[in-house]
Amino acid sequence: MADLDDIKDGKDYGLDRPADTSGFFLKGSAHLDWGMKNRLSRIFNPKTGRTVMLAFDHGYFQGPTTGLERIDLHIAPLAEYADVLMATRGAMRSSISPAVQKPLVLRASGGNSILGELSNETVAVDIEDAIRMNASAMAAQVYIGAEFEHQSIKNVIKLIDTGMRYGIPTLAVTGVGKSMARDARYFGLSTRIAAELGAQYLKTYFVEEGFERVAAGCPVPIVIAGGKKLPELEALEMAYKAIDQGASGVDMGRNIFQAEDPVAMIQAVSKVVHELEKPEQAFQMYNDLKAKG
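Cut-offs applied
Residues numbered from 1 in each chain as written. Predicted model: local features only at pLDDT ≥ 70, side-chain atom pairs only at ≥ 80, totals over all residues. Heavy atoms only, no water. Salt bridge = Lys/Arg side-chain N within 4 Å of Asp/Glu carboxyl O. Buried < 20%, exposed > 50% of the residue type's maximum accessible area, 1.4 Å probe, protein only. Helix = DSSP H or I, 4+ residues; strand = E, 2+ residues; numbered from the N terminus. Axes fitted to C-alpha atoms, helices over the stretch in contact; angles between N-to-C directions. Parallel < 35°, antiparallel > 145°, perpendicular 65-115°, else oblique. Left-handed = near helix turned anticlockwise from the far one by under 90°. Contact = heavy atoms within 4.5 Å. Nonpolar A, V, L, I, M, F, W, Y, C, P; charged D, E, K, R; others polar. Pairing = 2+ DSSP bridges.

Student: Help me understand the pattern of salt bridges in this model?
Tutor: Close approach of charged atoms allows side chains of opposite charge to pair. Considering all chains together, one arrives at 12 salt bridges under this definition. The closest approach of N and O atoms between Arg70 and Asp72, which form a salt bridge, is 2.8 Å. For Asp72, a relative accessible area of 34% corresponds to the partly exposed category. Close ionic contact of Lys241 with Glu208 constitutes a salt bridge, the shortest N to O distance being 3.2 Å. Here Glu208 lies in the loop between strand 8 (201–204) and helix 8 (211–216) and Lys241 lies in helix 9 (residues 232–244), a separation of 33 residues in the sequence. The partly exposed category is assigned to Lys241, whose relative accessible area is 31%. On the basis of relative accessibility, which here comes to 57%, the residue Glu208 falls in the exposed class.

What follows is the structure, given as structure tokens:
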């Protein structure tokens, strides 16, 4: 076992040599079972290898935050423009029509709130209910460096093990431990740990310095979290930079449903992610769509 004081930052990320995807279009997925690959092919567009996930699972610990007061009114109209919906089973069953033909990444961790320690979670969905929900993947937070780090890792391991049994991928979402800096070293550590445990893909935050190394050092696809609400152009710039530096998509919530025109914004984000549209042109598209109402 390596001594903690002997851990050194990696240097050779092979940034000039892309990961081998000849066995399957997603890196790190060539040796998965057929059903697992099929579900990943619903999440990631096989033509581009990328995805636009619409996250509206915030209520499981935040309650009715701005833009999510009425999911049936504010989120349902956006579903047709997303590649994937990321939500809780309660929100889906109560507010989204089962006729919506979009893959579901099911929020499967919970047991906390903004009033307490966020890392104190448990697995909140049984695998049988995930199957009943026709989930294409299950998602759980992993809090590296937080008070309940070990419990959050156990949650992800449980989902990975049960998901492997039934062919359902696990998305590990990197929550930020209070004692860790929000930098490339932290996100490189947390994404690599979750990938080594067996998560089929990761969700993390974009950082201006060193994100390319985070993506290169993670052997499975990474999607970036939208994070706090940004001005629309800045959100599009963040998405573009992340894709340009190795991300395989975005999982945006507030930067879409809190935008002045959410329908226009999700279309502009999709243009950036799938067609590598420059942020300025995508922002013009957003304004044109907004003007049309």
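Student: Help me out: how do you make sense of the packing of helix 9 against helix 11 (residues 262–275) in this one?
Tutor: Relative placement of two packed helices is described by the angle separating their axes and the distance separating the axes. Closest axis-to-axis distance for the helix 9/helix 11 pair is 9 Å, and the angle between their directions is 25 degrees. When the interaxial angle is binned, helix 9 and helix 11 end up roughly parallel. Seen along the crossing, helix 9 lies across helix 11 with a hand that is right-handed. Side by side, helix 9 and helix 11 meet where Glu232, Ala235, Leu236, Ala239, Tyr240 and Ile243 of the first sit next to Met265, Ala268, Val269, Val272 and Val273 of the second. Its residues placed into classes, the contact of helix 9 with helix 11 shows 10 nonpolar, no polar and one charged.

Student: I keep staring at the packing of helix 11 against helix 12 (residues 279–292) and nothing clicks. Help me out?
Tutor: One way to put it is that helix 11 packs onto helix 12 with a least axis distance of 9 Å and a crossing angle of 155 degrees. In terms of orientation, helix 11 and helix 12 fall into the roughly antiparallel class. Every pair of crossing elements has a handedness; the one defined by helix 11 and helix 12 is right-handed. Where helix 11 approaches helix 12, its residues Ala264, Met265, Gln267, Ala268, Lys271 and Val272 are matched on the opposing element by Ala282, Met285, Tyr286, Leu289 and Lys290. Taken together, the residues of the contact of helix 11 with helix 12 break down into eight nonpolar, one polar and two charged.

Student: Please explain the pairing of strand 3 (residues 104–107) as it appears in this structure.
Tutor: Looking down a regular strand, the side chains alternate between one sheet face and the other. Neither face of strand 3 is left uncovered, since the one carrying Leu104 and Leu106 and the one carrying Val105 and Arg107 both have all their residues buried. Relative to strand 3, strand 2 (residues 84–87) runs parallel, the two sharing three bridges. Bridged to Leu85 within strand 3 is Leu104. Summarising the sheet, strand 3 and strand 6 (residues 137–144) pair through three bridges and their orientation is parallel.

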